[in-house]
Amino acid sequence: MSMVGRNTDSPDNVIPVKNMTKNGISPLDLLILHVLQSGATPDTANKDLEKYGYVLSRDNVKNRVDELIKKGVILEHNNEEDSKKDDKIKWILVDPSKLFDNQWYTFIKSQNPLFERRVIPYSEMYSNLVEISREYGVVTAIDLVQGEGQNYDFILRIATNELTLFEEFIEKIRSLGWVHSVDSKPIHVLEGVGLSKNSLTKVHTNYFYEPIKIPDFETYLKSIKQVFRTYDTYIKEEGASKQKITRKKDSDDVA
């Protein structure tokens, strides 16, 4: 590996590249993802890495980016083969199961407002959760279910490599006055047995992850047209009904 610590002659001062998580993502890989997300290109990322003590050639960085794509860590990005040298990667879509050892769905039930002296609106509860989520940086989504009689009102999707941070986050949620109960369920990434270098080994199955969704154009257009047709029909029927009433009133007045 063509990497040395910046401004240091001692190999002991080189920033470690040892993989600390079970998914085999090194700190260098993670840093590359960050600089790409910040607007660097595969051709210019090595300049950004130098600021953190990594000195790599341009080709070395590009090879590591290609490896992250092959591993399925980078699912998609906007920089293609025909992109110009200075074209920036404006966005990257990554598979969270490759970057985080631990993922959970956390279910939160609020106090029943019928038995509370002070009714807290759901909007305030949601704001509380957003504020705490930004403080801890482990939440990827917060959904409001708001089902009366259900087992929970909010669903949080959590991803982290630090269990202690997750536990602190859950305790902070429990401390909110309106929270009745908190329950977390781990998200499991299915594993199978695959052949690697002529030996059997555990492999992850393809992880379905599509956070960016856009409605199908034809279906959307068809739905909009149907709405307008229904609205036009309603207006015409309402107009005809009013005309009948007016005519009937006029005929009664003449009589």
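Thresholds, definitions, all that
- Throughout, a residue's number is its position along its own chain's written sequence, starting from 1.
- Residue-level local features of this predicted model are given only where pLDDT is at least 70; pairs of side-chain atoms are given and counted only at 80 or more, and the full residue set underlies all totals for whole chains, interfaces and linings.
- Only hydrogens and water are set aside; all other atoms, that is, all heavy atoms of the structure, feed into the side-chain values.
- Numbered from the N terminus, helices here are DSSP runs of H or I no shorter than four residues, and strands are runs of E no shorter than two.
- Per-residue accessibility, obtained with a 1.4 Å probe over protein chains only, is compared with the maximum for each type, and a residue is labelled buried under 20%, exposed over 50%, and partly exposed between these values.
- Only heavy atoms enter the contact rule, under which two residues are in contact if any of them lie within 4.5 Å.
- Accessible areas in this description were obtained via Shrake-Rupley with a 1.4 Å probe; residue shielding takes into account the shown protein chains only.
- Each nonpolar core is a collection of buried residues, namely Ala, Val, Leu, Ile, Met, Phe, Trp, Tyr and Cys, held together in the definition by side-chain atoms within 4.5 Å.
- Only rings of Phe, Tyr and Trp enter the pairing, Trp through its six-membered ring, and a pair is recorded when the two centres are within 6.5 Å. The plane angle decides the type: under 30 degrees is stacked, over 60 is edge-to-face, the rest tilted.
- Paired strands are those between which DSSP finds at least two bridges.
- Whenever a helix is involved, its axis is fitted only over the stretch in contact; in every case the axis is a line through C-alpha atoms, and angles between N-to-C directions fall within 0 to 180 degrees.
- Each angle is binned into one of four classes, with values under 35 degrees roughly parallel, values over 145 roughly antiparallel, values of 65 to 115 roughly perpendicular, and all other values oblique.
- With the far helix as reference, a near helix turned anticlockwise by less than a right angle produces a left-handed crossing, and one turned clockwise produces a right-handed crossing.
- Residues are sorted three ways: Asp, Glu, Lys and Arg are charged, Ala, Val, Leu, Ile, Met, Phe, Trp, Tyr, Cys and Pro are nonpolar, and all the rest, Gly among them, are polar.
- Polar contact is defined as a pair of N or O atoms within 3.5 Å, subject to the rule that within protein one atom must be able to donate a hydrogen and the other to accept it, and that residues adjacent in sequence are counted only when both atoms are side-chain atoms.
- The rule for a salt bridge is simple: a side-chain nitrogen of Lys or Arg has to be within 4 Å of a carboxyl oxygen of Asp or Glu.
- Any residue with relative accessible area above 30% and no salt bridge may belong to a patch, with like charges joined within 9 Å and the nonpolar Val, Leu, Ile, Met, Phe, Trp and Tyr side chains within 5 Å.

A.B. asks: Which parts of the structure should I look at to understand the overall build of the protein chain?
C.D. replies: Looking only at helices and strands, one finds seven helices and ten strands in the protein chain. The buried share of the protein chain, taken over its 255 residues, is 32%. The contacts of the protein chain with a sequence gap of at least 6 include a subset with a gap of at least 24, amounting to 60%. Per element, the accessible surface of the protein chain, about 18,100 Å² overall, is 52% carbon and sulfur.

A.B. asks: Please clarify how the nonpolar core should be interpreted in this entry.
C.D. replies: Generally speaking, a soluble globular protein has its nonpolar side chains buried in company with each other. Within the largest apolar cluster, 22 residues are counted, with the highest numbers of intra-cluster contacts made by Ile108, Leu129, Phe154, Leu156, Phe169, Ile173 and Trp178. Among the secondary structure elements, those contributing two or more residues to this core are strand E5 (102-110), helix H5 (122-136), strand E7 (154-160), helix H6 (163-174) and strand E8 (179-186). In terms of nonpolar packing, the next biggest core, distinct from the first, is built from 19 residues, Leu28, Ile32, Ala45 and Leu99 among them.

A.B. asks: Honestly, the packing of aromatic side chains in this entry has me stumped. Any pointers?
C.D. replies: The geometry of an aromatic ring pair is captured by the separation of the ring centres together with the interplanar angle, meaning the angle of the planes. Applying the stated rule across the entire model yields six aromatic pairs. Here Trp104 and Phe166 contribute two aromatic rings whose centre-to-centre distance is 3.7 Å and whose plane-to-plane angle is 5 degrees, an arrangement assigned as stacked. Placement of Trp104 in strand E5 and of Phe166 in helix H6 is noted, with a sequence separation of 62 residues between them. Overall, Phe166 belongs to the buried group, its relative accessible area being 9%. Taken together through their ring pairs, the aromatic side chains of Tyr122, Tyr126, Phe154 and Trp178 make up a single cluster.

A.B. asks: Explanation requested: the sheet that holds E5 in the structure shown.
C.D. replies: The strands that make up a sheet pair up through hydrogen bonds in the backbone, lying either parallel or antiparallel. On the basis of which strands lie adjacent, the open sheet formed by four strands has the order E6-E7-E5-E8 and antiparallel pairing. The open sheet has two free edges, formed respectively by strand E6 (139-144) and E8, since each of these has just one partner strand. The sheet shows a mean angle of 20 degrees between the axes of neighbouring strands, taken without regard to direction. Lying over the sheet, H5 contacts E5, E6 and E7, oriented at roughly 175 degrees with respect to E6. Sheet strands touched by H6: E5, E6, E7 and E8. Its angle to E8, the strand with the most contacts, is close to 155 degrees.

A.B. asks: It is not clear to me how the packing of H5 against H6 should be interpreted in this structure. Could you clarify?
C.D. replies: Each pair of packed helices can be described by the angle between their axes along with the distance between the axes. At their nearest, the axes of H5 and H6 sit 11 Å apart, and the two run at 160 degrees to each other. Our classification of the angle between H5 and H6 gives roughly antiparallel. Along this stretch, H5 crosses H6, giving a crossing that reads as right-handed. Note on element contacts: H6 touches H5 through Leu165, Glu168, Phe169, Lys172 and Ile173, opposite Leu129, Ile132, Ser133, Glu135 and Tyr136. Along the lines of polarity and charge, the residues of the contact of H5 with H6 split into six nonpolar, one polar and three charged.

A.B. asks: Please clarify how the environment of Asn161 should be interpreted in this entry.
C.D. replies: As for its position among the elements, Asn161 is in the loop between E7 and H6. Looking at Asn161, the relative accessible area reads 35%, which means it is partly exposed. Distance in space between the C-alpha atoms of Asn161 and Leu99 is 8.3 Å, their sequence separation being 62 residues. In terms of polar contacts, Asn161 uses its side chain to reach the backbone carbonyl oxygen of Leu99, at 3.0 Å. Polar contacts involving the side chain of Asn161 include one to the main-chain amide nitrogen of Asp101, which spans 2.6 Å.

A.B. asks: Looking at this model, I keep getting lost on the pattern of salt bridges. Mind explaining?
C.D. replies: Side chains carrying opposite charge are able to pair once their charged atoms draw close together. The full count for this structure, using the stated rule, is eight salt bridges. With a shortest N-O distance of 3.7 Å, Lys51 and Asp48 are connected by a salt bridge. Among the residues examined, Asp48 registers a relative accessible area of 25% and is labelled partly exposed. Glu67 is paired through a salt bridge with Lys70; the nearest N and O atoms lie 3.8 Å apart. Of this pair, Glu67 and Lys70 both sit in helix H3 (residues 58-70), three residues apart, which is roughly one turn of that helix. The exposure class assigned to Glu67 is partly exposed, which follows from its relative accessible area of 38%. Using a relative accessible area of 66% as the deciding quantity, one classes Lys70 as exposed.

A.B. asks: Mind showing me how you'd approach a nonpolar patch on the surface here?
C.D. replies: Judged by side-chain polarity, Tyr220, Ile224 and Phe228 come together as a nonpolar surface patch covering roughly 320 Å² of accessible area. With respect to the secondary-structure elements, Tyr220 resides in helix H7 (residues 217-254).

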